[in-house]
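Observations on the model geometry
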Amino acid sequence: MTTGFDQYECDCTRTGYYGENCTTPEFFTWLRLTLKPSPNTVHYILTHFKGAWNIVNNVPFLRDAIMRYVLMCKKELPDSKLIVDKFLLRKKFIPDPQGTNVMFTFFAQHFTHQFFKTDHKKGPGFTKAFGHGVDLNHIYGETLERQLKLRLLKDGKLKYQMIDGEMYPPTVKDTQAEMIYPPHVPEHLQFSVGQEVFGLVPGLMMYATIWLREHNRVCDILKQEHPEWDDEQLFQTTRLILIGETIKIVIEDYVQHLSGYHFKLKFDPELLFNQRFQYQNRIAAEFNTLYHWHPLLPDTFQIHDQEYTFQQFLYNNSIMLEHGLSHMVKSFSKQRAGRVAGGKNVPVAVQKVAKASIDQSRQMRYQSLNEYRKRFMLKPFKSFEELTGEKEMAAELEELYGDIDAMELYPGLLVEKPRPGAIFGETMVEIGAPFSLKGLMGNAICSPEYWKPSTFGGKVGFEIINTASLQKLICNNVKGCPFTAFHVLNPEPTEATINVSTSKTAMEDINPTLLLKERSAEL
C-alpha cells in the first residue's frame with residue numbers, strides 16, 4: 001500500500017511472515033518450511049512402506065489428512081513453451097467442422113481490436129482502451145486528436161483516396177495519424193485508419209476499407225435527408241448508425257454462426273426495456289485471454305489465384321490493391337478457417353502469442369479452468385480424459401499438471417474436446433457468450449433513451465440499422481456484390497450443424513441472378 005508519494009507499507013496480515021517486505025517467516029511458518037519434505041521425498045514415501053500404508057488406509061481420519069496433503073501438494077506449473085509445443089501447436093491444419101471461413105477470422109480480429117488493447121508497458125492486466133465496448137474507435141480513432149486527423153471535416157465524411165475508381169483509406173502522409181508499419185513499407189502503401197495496428201495484414205485493412213466506404217455512404221444518405229445539418233452532426237449521427245449496424249451484424253450473423261443454432265438470434269433492444277439492465281460494459285482480462293482464437297488462422301491465405309504465406313501476407317497492403325476487395329471477399333468467404341478447440345491447431349507463425357497468453361495468465365494469477373467453470377455454474381472436470389475426450393493427450397497433461405484442478409484456463413480452453421461438430425468446447429461458449437451478448441446489448445444506443453429514430457437521423461437512419469447484415473454491408477460497398485457469409489458456402493459434409501436459416505437470410509439480400517453466376521463460376 002502506498003504511503004505518500006515515495007513510500008510504501010506491506011500488510012503481512014495472515015501471510016505467516018513479518019518484516020518490512022513480509023519476507024521473515026514467523027516461527028510456525030519456519031518450522032513448517034523446515035520440516036516439509038521435498039516432492040521427491042514425498043513420492044518415495046508414498047511408493048514404499050506398503051505395510052504402514054495399509055494401516056493408514058484403514059484409519060479414516062489419517063487417510064483424510066494424507067489425502068488433503070496430497071491434493072494441496074500440487075506440482076509447479078509446467079513450462080509454458082512445453083505446453084505450447086506439446087498440446088497447442090499445429091502439426092497439420094484441422095479445419096473447423098462448422099465451416100467457419102477466413103472472412104469470419106478477420107472480422108473477429110477487426111471487431112475485437114476496438115476493446116482488446118493491452119497496455120504492454122503497464123502489464124497484461126491493464127488496457128489502453130478508453131472504452132470497454134462497441135464505440136468503433138478502430139474506425140474513428142481512440143482520441144479526438146486522431147479522429148480529427150482522419151476526418152475530412154466536410155459533409156461528415158472520413159478522409160479517403162480514390163485508386164482505379166474505388167475508395168481506399170488515405171495514407172499516413174495525408175493524415176499524420178500514426179500507424180505501425182515497418183520501415184520497408186513504401187509511403188503510398190502506408191494506409192491510415194482508426195486502429196494503428198491494422199496495417200498488419202490485408203484482411204484487417206479490407207474490413208477497415210469496407211467500413212470507411214460505409215461511413216461515407218451513410219453520410220451521403222443523411223446529407224440528402226438533412227441538408228440543414230453541418231459536418232459535426234452528420235459525422236456523429238453516422239457514427240451512431242454504424243455502431244448499430246455493427247451490433248446487429250455481430251448478433252445476427254457472427255454470434256448466430258458461432259452458436260450453430262437453428263433458432264434465429266434477433267437484435268431488438270426493446271426486448272430488454274422491461275428488464276433491469278445496465279447499459280454499460282466492462283472488459284475482463286479473462287475475456288481478452290479467452291478470445292485468443294489463433295487456431296482460426298489457416299496455414300496460407302488464398303486470394304483469387306494466388307497463395308500467400310504468413311511472411312508474404314504481413315504488412316502487405318499491395319495485396320489489397322492488386323486483387324481488389326471483390327476478390328478478397330470471394331476468396332476469404334470460400335477458404336476454411338481452423339477449429340479452435342481440441343488442441344494442436346495453433347499455427348507455428350503465432351506460437352509466441354500462445355506462449356505469451358499462458359505467461360500473462362500466470363502473471364495475473366488466474367484461477368484454474370475448473371474454478372472458472374464453477375463460477376459460471378458448470379460442473380468441474382473430474383479428469384483430464386473428461387476434459388480432452390481422449391486418452392493420449394489426457395495422460396500427457398496429467399503427467400505435467402498432476403491434478404485436473406491445476407489445469408490452467410487458456411490451455412484448457414484450447415485442448416477441451418469440442419462439442420460435436422463444433423468449433424469450440426463447452427467452456428469457451430458458456431463463459432464467452434454472456435460477456436459477448438451483454439456487452440453488445442449494454443451499449444448506450446440500445447437503452448430506452450437512445451433507441452428511437454431521432455437518434456439516428458430519423459426513419460432512414462433507423463432503417464439502415466434495422467435491416468443491416470453482413471451481406472448488405474458487402475453489397476453496398478464492394479463492387480459486384482459478391483456473395484458472403486461467415487461460413488463457407490458449401491462446406492464438405494460433416495456432423496456440424498450449419499445454420500441454414502442464416503444462409504437463407506444472407507441469400508435474400510442478394511440478387512438471385514448474381515448468386516447463380518457466382519455458383520456456376522464455382523462449379
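See the structure above.
Below you will find a few notes about this structure.

Calculation criteria
- Residues numbered from 1 in each chain as written.
- Predicted model: local features only at pLDDT ≥ 70, side-chain atom pairs only at ≥ 80, totals over all residues.
- Heavy atoms only, no water.
- Phe/Tyr/Trp six-rings, centres within 6.5 Å; stacked < 30°, edge-to-face > 60°.
- Helix = DSSP H or I, 4+ residues; strand = E, 2+ residues; numbered from the N terminus.
- Buried < 20%, exposed > 50% of the residue type's maximum accessible area, 1.4 Å probe, protein only.
- Lys NZ or Arg CZ within 6 Å of the ring centre and 35° of its normal.
- Bend = angle between axes of the 7 residues up to and from the residue.
- Expected span 1.5 Å × (residues − 1).
- Disulfide = S-S within 2.5 Å.
- Salt bridge = Lys/Arg side-chain N within 4 Å of Asp/Glu carboxyl O.

Using the criterion set out here, one finds 27 aromatic pairs in the structure. Considering the side-chain rings of Phe-107 and Tyr-207, the 5.4 Å spacing of their centres and the 80 degrees angle between planes classify their relative orientation as edge-to-face. Pair noted here: Phe-107 is in helix α6 (residues 102-112) and Tyr-207 is in helix α10 (residues 202-225), with a separation of 100 residues, a long-range link. As far as burial versus exposure is concerned, Phe-107 and Tyr-207 are alike and both buried. Put simply, the rings of Phe-104, Phe-107, Phe-111, Tyr-207, Tyr-254, Phe-287, Tyr-291, Trp-293, Phe-424 and Phe-486 pair up and form one aromatic cluster. The aromatic ring of Phe-235 is capped on one face by Arg-151, whose charged end is 4.0 Å from the ring centroid. Over the aromatic face of Phe-381 sits the side chain of Arg-373, whose NZ or CZ is 4.0 Å from the ring centroid.

Moving on, we get to helix α14 (residues 318-334). Of all the bends found along α14, the most pronounced is centred on Gly-324 and spans about 95 degrees. Along α14, the residues classified as buried are Ile-319, Met-320, His-323, Gly-324, Leu-325, Ser-326, Met-328, Val-329, Ser-331, Phe-332 and Ser-333.

Next up on the list: helix α11 (residues 231-259). Across its 29 residues, α11 extends 40 Å between first and last C-alpha, which sits within 8% of the 42 Å expected from 1.5 Å per residue. In terms of residue burial, α11 counts as a mostly covered element, since 23 of its 29 residues are buried. Once α11 finishes, Gly-260 follows within two positions and takes phi at roughly 70 degrees, a positive value.

Another point: the state of the cysteines. For the structure shown, the criterion picks out two disulfides. Here Cys-12 engages in a disulfide with Cys-22; their sulfurs sit 2.1 Å apart. The sign of the S-S torsion, about -90 degrees, decides the handedness of the disulfide formed by Cys-12 and Cys-22: left-handed. In this pair, Cys-12 sits in the segment before β1 (17-18) while Cys-22 sits in the loop between β1 and β2 (24-25), placing the two residues 10 residues apart along the sequence. The pair Cys-12 / Cys-22 is uniform in exposure class, with both members buried. In this model Cys-475 forms its disulfide with Cys-481; the gap between the sulfur atoms is 1.9 Å.

This next bit is on the pattern of salt bridges. Under the definition given, this model contains 20 salt bridges. A salt bridge links Lys-355 to Asp-359, with the nearest nitrogen and oxygen atoms 2.7 Å apart. Separated by four residues within a single helix, Lys-355 and Asp-359 lie in helix α15 (residues 351-363), roughly one turn from each other. A salt bridge links Lys-391 to Glu-385; the nearest nitrogen and oxygen atoms lie 3.0 Å apart. Because the salt bridges share partners, they merge into one network encompassing Arg-151, Asp-231 and Glu-232.

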